[in-house]
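# Architecture at a glance
What follows is the residue order along each chain.
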Amino acid sequence: MRPCKPPRAGWHEFSRFRNATAVAPTRKSAVHILILNEYYPPDTSATAKMAALVAEALAQKHRVTVVAGRPSYDPDETYPYALLRRDVRNGVTVERVGSTAFLRHKMRRRVSNYLTYLALAMPRALAIRADLILAMTDPPVAGIAGAFVAWLKSRPFVYNIRDMYPDMALGGGIVGDSGWARLWEKMHRRALRRAERVIVLGDDMRERILRKGVEPDRVVVIRDGTMIPETLAEQSHPAAQEIRSGYPFVAIHAGNLGFYGAWDTLLQAAKLLERENIGLVFVGEGANRERLQQAARGSANVRFLPFRPAEEIPLVMAAGDVHIISVRRGLEGVVVPSKLYSVLAAGRPVLAVAPEESDVVRIVREARCGLAADPDDPAAAAAALRTLRDNPRELTDMGQRARDAAKKYVRVNELKRFVGVIEEAANRSIP
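Residues numbered from 1 in each chain as written. Predicted model: local features only at pLDDT ≥ 70, side-chain atom pairs only at ≥ 80, totals over all residues. Heavy atoms only, no water.

Looking now at the environment of R162. Here R162 is to be found in the loop between β6 (157-160) and α5 (167-171). Residues R162 and P355, 193 residues apart in the sequence, show an inter-C-alpha distance of 19 Å. If we ignore the near neighbours within four places in the chain, the residues touching R162 are T47, M50, M136, T137, L201, M205 and D224. Engagement of the side chain of R162 in a polar contact is seen with the side chain of D224, the distance being 2.5 Å. (Helix = DSSP H or I, 4+ residues; strand = E, 2+ residues; numbered from the N terminus. Contact = heavy atoms within 4.5 Å. Polar contact = N/O pair within 3.5 Å; in protein donor to acceptor, adjacent residues only side chain to side chain.)

Reading across the sheet, the 6 strands line up as β11-β10-β9-β12-β13-β14 and stay open at both edges, with parallel pairing between neighbours. Of all strands in the sheet, those with a lone pairing partner are β11 (302-305) and β14 (370-373), marking the two edges. Within this sheet the neighbouring strands show an average axis-to-axis angle of 25 degrees, counted without direction. Seen against the sheet, helix α9 (residues 263-272) touches β9 (249-254), β10 (278-283), β11, β12 (322-326) and β13 (350-353) and runs at an angle of roughly 150 degrees to β10. (Pairing = 2+ DSSP bridges. Axes fitted to C-alpha atoms, helices over the stretch in contact; angles between N-to-C directions.)

This next bit is on the pairing of strand β2 (residues 63-68). In the case of a regular strand, side chains alternate between the two sheet surfaces. Here β2 lies mainly inside the structure; 5 of its 6 residues are buried. Sheet analysis places strand β1 (residues 32-36) next to β2, joined by 5 bridges and oriented parallel. Across the sheet, the residue bridging to L36 is V67, located in β2. The parallel pair β1 and β2, bridged by helix α2 (residues 46-58), forms a crossover whose chirality is right-handed. Across 4 bridges, β2 lies against strand β4 (residues 92-97) in parallel orientation. Bridge pairing in β4 links T65 to T93. (Buried < 20%, exposed > 50% of the residue type's maximum accessible area, 1.4 Å probe, protein only. Right-handed = clockwise from strand over helix to strand, strands pointing away.)

Moving on, we come to the environment of Q400. Along the polypeptide, Q400 turns up in helix α15 (residues 392-406). Take Q400: its relative accessible area is 45%, and that puts it in the partly exposed class. A sequence separation of 15 residues divides Q400 from L415, and the C-alpha atoms of the two residues are 25 Å apart.

As for its placement among the helices and strands, G91 is situated in the loop between β3 (84-89) and β4. With a relative accessible area of 52%, G91 lands in the exposed category. Separated by 36 residues in sequence, G91 and A55 have C-alpha atoms that sit 8.8 Å apart.

Among the nonpolar cores identified, the biggest contains 106 residues, and I161, F282 and L344 are the most heavily contacted of them. When sequence neighbours within four positions are dropped, the list of residues in contact with I161 reads T137, H188, L192, V198, I199, V200, L201, M205 and I209. Residues L53, V66, M136 and V220 belong to the second largest nonpolar core, which totals 32 residues. (Core = buried A, V, L, I, M, F, W, Y, C linked by side-chain atoms within 4.5 Å.)

Adjacent strands of a sheet form backbone hydrogen bonds with each other and so pair up, either parallel or antiparallel. What the 8 strands build is an open sheet, ordered β3-β4-β2-β1-β5-β6-β7-β8; its pairing is mixed. Of all the strands in the sheet, the pair left with one neighbour each is β3 and β8 (219-221). The sheet shows a mean angle of 20 degrees between the axes of neighbouring strands, direction not considered. Here helix α3 (residues 107-127) sits on the sheet and contacts β1, β2, β3 and β4; the angle it forms with β4, its principal contact strand, is near 135 degrees.

Before going further, it helps to spend a moment on the pattern of salt bridges. As enumerated under the stated definition, the model contains 29 salt bridges in all. Salt-bridge contacts for R124 lead to E95; the nearest nitrogen and oxygen are separated by 2.5 Å. With R124 in helix α3 and E95 in strand β4, this pair connects stretches of sequence that are 29 residues apart. Of the residues examined, R124 reaches a relative accessible area of 23% and is grouped as partly exposed. Owing to a relative accessible area of 5%, E95 belongs among the buried residues under this scheme. (Salt bridge = Lys/Arg side-chain N within 4 Å of Asp/Glu carboxyl O.)

Okay, here's the thing in structure tokens:
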């Protein structure tokens, strides 16, 4: 079975939004929106997927141009070099500048992709006549670039923060506290002040933004949300059983093994449970996977599996008796793991190994769809897994409550809110 990345935005998903919101555009209300984000399908990153969903939703009533780079994030297809390539995808004009397209797994080459994208995207963005600039966070300084372009063009600016930089780079140990990191933060705060609206993924992220001096009425929480499947996959399916790896009780972490998770805490918790028939299965890739595999070498109850094909993601959800969502202490509000909503929609209980202040813990406690554990306390994580294993009836009830909670985070509704925020910001500048 060929390993695969998370699925890119599908037309069937967007069609639900289109059918729910389609309104004939008028000359008076339609505006031209320019989106800056390096990744866009056929890139397969989560940011590329969400950029496409947002762009296609906006394109139902407005003209939308995306300035992206050459595909480099595990793309479904690659493009030959061209200084500028233009095509139309689902009503969205996509302009791809001729950035380098090195594979993302080596940081220096990834930085080359970032820098060449910025060097070419900013002049191109300045040449496009648009009514509003929307920037995301790929590359990490895209918001600063978007604010600068909007300032030069005297256009409103909306900043959609998906990971907060430089906080992420500092908290994840990617960079140290230095003069240029402080300059980065200073420029980032200027971009935040320049934004007509700052769209964030959770309440914990909003609180961090407010501490940077941004007025509360300009910071809006719009979650990625999820689709609610009509039917759920069965744990008895052979692929789900393969993912379970033969363990009687399975905790799964499905997703990127990047810099934000309390991975060492999870491995130490697994060690405490090694003789208790509780397995920990990581499904995915990421910068920390190799290190974690080395640390877990010899552990009988830890497995590392590659991403599954897109059509098997429901089976990955079904395979876990519980799904783990993890955020390192200090990174609450810096990253907001949006995979939580897919877990809820699949009706699976959640173990949130994250600080109490994080959105994931708040949601789990409010919905009573799982348990939480301190990200610095392996014993607490192990005890939570024992409790879940030893209470099968409550585990079933948690799964049902998770599915009920998912209805609050339907993606179609979140996209409607996103479009509304963009339209409000754009119309402020139109006489």
